[in-house]
Amino acid sequence: MFAACVGLVAAAAFLGVAEFGALLLGGAGSPLVAVGSAVIDLAPGGAKDLMVALFGTGDKVALFVLMTVIVAAVSAGAGILERARPPFGAVVFAVGGVLALIAVSTRSGSGTFDGAPTVFGVAAAVIVLRLLLRRLRRWEAAEAVPSAAPRPASAERRAFLAWGVATAAVAVVVGTASRLGSSAMQAAAAARRAVRLPAAATAAPAVPAGASLDVDGITPYVTPNADFYRIDTALRVPAVDPADWSLRIHGAVENEVTLTWDELLALPLEEHMATLSCVSNEVGGDLIGNALWLGYPIRELLARAKPTGDADMVLSTSVDGFSAGTPLDVLQDDGTAALLAVGMNGEPLPAEHGFPVRMVVPGLFGYVSATKWVTELEVTRFSDAEGYWTPRGWSERGPVKLESRIDTPRNGSSVTVGKAVAIAGVAWQPHTGVKAVQVRVGNGDWQQAELADSVSADTWRQWVLRWTPTEGSHRIEVRAVSADGEVQTSVERPPAPNGASGWHSVTVDAR
Ligand SMILES: Nc1nc2c(c(=O)[nH]1)N[C@H]1C(S)=C(S)[C@@H](COP(=O)(O)O)O[C@H]1N2
Ligand SMILES: [Mo]
């Protein structure tokens, strides 16, 4: 009887670990779901009809109940078997695991790692089976020959029961929570696949060929979504179904505004290319990307809401609790394409970049403006509210600093004496723009780099300087000049509290 319970706890451990693994894989690879759908696929038509006839639309629930009963019976049996004839109980779990693996790997669209949750689940089940049975045997031994036992039977019994109950409880809680989380993620992923974004009412001009220089190793002008840096506080990417999404604009406004997904998509959307960067980016770092955003100007929504009194900040909040405090005047400015974005490079926002809706504000670091999975805009005051990072040591305001980066040659690389090398990279100060980039080799003079075409002041610009190295080690430095005439500062500052500064340099060896 207790051995059967151990089998059940082992099965719970299997499901708990496997479902948690599936959650980490973004909702894929759940043996529970895979086996269930394999059974549906394999069941003869008559059985399916019978299930539907018996249970109607409850047929899937009925299937899971049936599967649970079977799994429970087999697991209980495996517990008894393992106690009587180890390791055959463990073998039963292994066989079950192999069947589940077959089910997982034959599901359409299964990925390379989708079997991992099942494998880890089986390992957990076998470990739990063995450890709990060892406790059970100790208890039984203490009951049988009390004098020979190191601890009284009552202590062994308590230990066995405590471990069994605790393991089962953890497994059930983790498993259930993970299953719910995975379902939500898969539902959001399916909803994202179903999204058809409308064409922009105001399309961005095509990117001119001259925006991209033909240099090996330079950062591409547009960052593909898959390569776009990701920064957020979310342990798990929030799963938001657009059907459930809405944005509420409230606080110091005359009219509260609520906007649903369908209402947002029905508005005349704008396309705008903008470079987004993170305040945590080190000099020379890669927490920056440039994308074509599709969205609706936040200024128009604020015009509907009509901010009142002396409001000077908009606190945007995400479903996951993150918040950013953005200056109200920036969001209201006619000349700033601050968007409530739904599209990124021609696709719905990827889940990790804020699907279904995020903010993008050219010229401000992400932490004070680019709220992903945004659901709320509160019009307020900097003196009354603060964004997530402000009490954590980052400045209340976060305009992007004038910066430049050398992409190629790489620091520490070797070049050939007398053979021309392209020194190239990107420079940016979104919303202001870059008008010149200068490069210095060693103690030489600053030389003007050639600039790629500027697409708008809101994006970075590629630059290149051709250089023919002489023998030796050379330090190469870069600095940008903004459209306002500001020269990038050499003063080195760390990212906290409002962005790193200083000149990026690389050292190369010419031989
Ligand atoms: N919900 C949410 N939105 C967020 C953040 C976050 O932690 N949570 N981080 C911000 C920061 S610090 C940056 S730099 C940008 C990064 O956006 P990305 O991951 O799409 O590149 O998102 C911003 N939006
Ligand atoms: Mo950031």
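Structural notes, computed from the coordinates. (Residues numbered from 1 in each chain as written. Chains lettered and ligands numbered in written order. Predicted model: local features only at pLDDT ≥ 70, side-chain atom pairs only at ≥ 80, totals over all residues. Heavy atoms only, no water.)

**A closer look at the nonpolar core**
By size, the foremost hydrophobic cluster in this structure holds 65 residues, and its most contacted members are Leu247, Ile249, Leu264, Trp293 and Leu340. Broken down by element, this core gets its largest block of residues, six residues, from strand S4 (residues 288-297). Not counting the four nearest positions on each side in its chain, leucine 340 is found in contact with Leu247, Leu259, Leu264, Leu294, Gly295, Tyr296, Ile298, Leu301, Val357, Arg358, Met359 and Val374. (Core = buried A, V, L, I, M, F, W, Y, C linked by side-chain atoms within 4.5 Å. Buried < 20%, exposed > 50% of the residue type's maximum accessible area, 1.4 Å probe, protein only. Helix = DSSP H or I, 4+ residues; strand = E, 2+ residues; numbered from the N terminus. Contact = heavy atoms within 4.5 Å.)

**A look at helix H4 (residues 59-84)**
In this model H4 runs 37 Å from its N-terminal to its C-terminal C-alpha over 26 residues, within 8% of the 38 Å that 1.5 Å per residue would give. What H4 keeps buried is the set Asp59, Ala62, Leu63, Met67, Ser75, Ala76, Ala78, Gly79 and Glu82. (Expected span 1.5 Å × (residues − 1).)

**Things to note about a nonpolar patch on the surface**
Taken together, Leu81, Phe88, Val91, Val95, Val98, Leu99 and Ile102 make up a surface patch of nonpolar side chains, about 610 Å² in accessible area. Its location among the elements puts phenylalanine 88 in helix H5 (residues 88-105). When its relative accessible area of 48% is taken as the criterion, phenylalanine 88 is described as partly exposed. (Patch = residues over 30% accessible without salt bridge, like charges linked within 9 Å, V, L, I, M, F, W, Y side chains within 5 Å. Areas by Shrake-Rupley, 256 points an atom, 1.4 Å probe, with all protein chains shown as cover. Salt bridge = Lys/Arg side-chain N within 4 Å of Asp/Glu carboxyl O.)

**Here we look at the packing of helix H1 (residues 2-24) against helix H7 (residues 153-194)**
H7 packs onto H1 with a crossing angle of 30° between their chain directions and a minimal axis gap of 7 Å. For H1 against H7, the interelement crossing comes out left-handed. Counted by class, the contact of H1 with H7 contains 15 nonpolar, seven polar and two charged residues. (Axes fitted to C-alpha atoms, helices over the stretch in contact; angles between N-to-C directions. Left-handed = near helix turned anticlockwise from the far one by under 90°. Nonpolar A, V, L, I, M, F, W, Y, C, P; charged D, E, K, R; others polar.)

**Focus on the packing of helix H3 (residues 45-55) against H4**
At a minimum axis distance of 9 Å, the contact between H3 and H4 shows a crossing angle of 110°. Here H3 is positioned roughly perpendicular relative to H4, judged by the angle of their axes. Side by side, H3 and H4 meet where Met51, Val52 and Phe55 of the first sit next to Asp59, Ala62 and Leu63 of the second. For the contact of H3 with H4, the residue count by class is five nonpolar, no polar and one charged. (Parallel < 35°, antiparallel > 145°, perpendicular 65-115°, else oblique.)

**Quick look at unusual backbone geometry**
The peptide bond linking proline 86 to proline 87 adopts the cis configuration, its omega dihedral lying at 5°. For proline 87, the location among the structural elements is in the loop between H4 and H5. Residue proline 356 is reached from phenylalanine 355 by a cis peptide bond, and omega for that bond is 5°. Residue position: proline 356 is located in the loop between strand S8 (347-348) and strand S9 (358-360). Positioned with a positive phi, asparagine 345 is a non-glycine residue whose angle comes to about 50°. As for its placement among the helices and strands, asparagine 345 is situated in the loop between strand S7 (339-344) and S8. The backbone of histidine 431 sits at a positive phi, close to 85°, despite the residue not being glycine. As for its placement among the helices and strands, histidine 431 is situated in the loop between strand S13 (421-428) and strand S14 (434-441). The exposure class of histidine 431 is partly exposed, given its relative accessible area of 34%.

**Some words on the site of ligand 1**
Surveying the vicinity of ligand 1 reveals 19 residues, the closest of which are Tyr229, Thr233, His353, Arg358 and Lys372. Tyrosine 229 places a polar main-chain atom, nitrogen or oxygen, 2.6 Å from an oxygen atom of ligand 1. Here an oxygen atom of ligand 1 and a backbone polar atom of isoleucine 231 are 3.0 Å apart. Taking 530 Å² as the accessible area of ligand 1 by itself, protein coverage stands at 99%. (Near = heavy atom within 4 Å. Polar contact = N/O pair within 3.5 Å; in protein donor to acceptor, adjacent residues only side chain to side chain.)

**Observations concerning the packing of aromatic side chains**
What the rule picks out here adds up to eleven aromatic pairs. An angle of 80° between the planes, with centres 4.9 Å apart, marks the rings of tyrosine 388 and tryptophan 389 as edge-to-face. Judged by relative accessible area, which is 29%, tryptophan 389 ranks as partly exposed. Between tryptophan 446 and tryptophan 503 the ring centres are 5.0 Å apart and the planes differ by 75°, which places this aromatic pair in the edge-to-face class. With a gap of 57 residues between them, tryptophan 446 in the loop between S14 and strand S15 (447-448) and tryptophan 503 in the loop between strand S18 (472-482) and strand S19 (504-510) connect regions that are remote in the sequence. Tryptophan 446 sits in the partly exposed class, given a relative accessible area of 22%. Grouped by ring-pair contacts, the aromatic residues Phe2, Trp139 and Phe160 constitute a single cluster. Just above the ring of phenylalanine 382 sits the side chain of arginine 397; from NZ or CZ to the centre is 3.8 Å. Between the NZ or CZ atom of arginine 479 and the centre of the ring of tryptophan 446, over which it lies, the distance is 4.1 Å. (Phe/Tyr/Trp six-rings, centres within 6.5 Å; stacked < 30°, edge-to-face > 60°. Lys NZ or Arg CZ within 6 Å of the ring centre and 35° of its normal.)

**Some thoughts on the pattern of salt bridges**
Counted by the stated rule, this structure contains 16 salt bridges. Of the charged contacts in the structure, one is a salt bridge between glutamate 82 and arginine 130, with a shortest N-O distance of 3.2 Å. Highlighted residues: glutamate 82 in helix H4 and arginine 130 in helix H6 (residues 116-144), separated in sequence by 48 residues. Across the salt bridge formed by lysine 372 and aspartate 232, the nearest N and O atoms sit 2.9 Å from each other. One end of the pair, lysine 372, is in the loop between S9 and strand S10 (374-380); the other, aspartate 232, is in the loop between H7 and strand S1 (246-251), and 140 residues separate them in sequence.

**Some points on the pairing of S19**
The alternating pattern of S19 places His504, Val506, Val508 and Ala510 on a buried face, while none of Ser505, Thr507 and Asp509, on the opposite face, is buried. Bridge count for strand S12 (residues 414-415) against S19 is two bridges, and the pairing is parallel. Paired with valine 415 across the two strands is alanine 510, which belongs to S19. One ladder, built from seven bridges, connects S18 with S19; its direction is antiparallel. Counterpart to glutamate 477 in the pairing with S19 is serine 505. (Pairing = 2+ DSSP bridges.)

**Let's talk about the sheet that holds strand S16 (residues 450-451)**
Read from one edge to the other, the open sheet built from four strands follows the order S11-S13-S17-S16, with strand pairing classed as antiparallel. Of all strands in the sheet, those bounded by a partner on one side alone are strand S11 (403-408) and S16. Here S13 pairs with strand S17 (residues 461-467) via seven bridges, running antiparallel. The residue of S17 that forms the bridge with valine 421 is tryptophan 467.

**Section: the sheet that holds strand S5 (residues 313-318)**
Spatial ordering of the open sheet is given by S2-S1-S10-S5-S6, a layout of five strands whose pairing is mixed. The open sheet has two free edges, formed respectively by strand S2 (257-260) and strand S6 (323-327), since each of these has just one partner strand. When strand polarity is set aside, the average angle formed by the axes of neighbouring strands in this sheet is 15°. The pairing of S1 with S10 spans four bridges and is classified as parallel.

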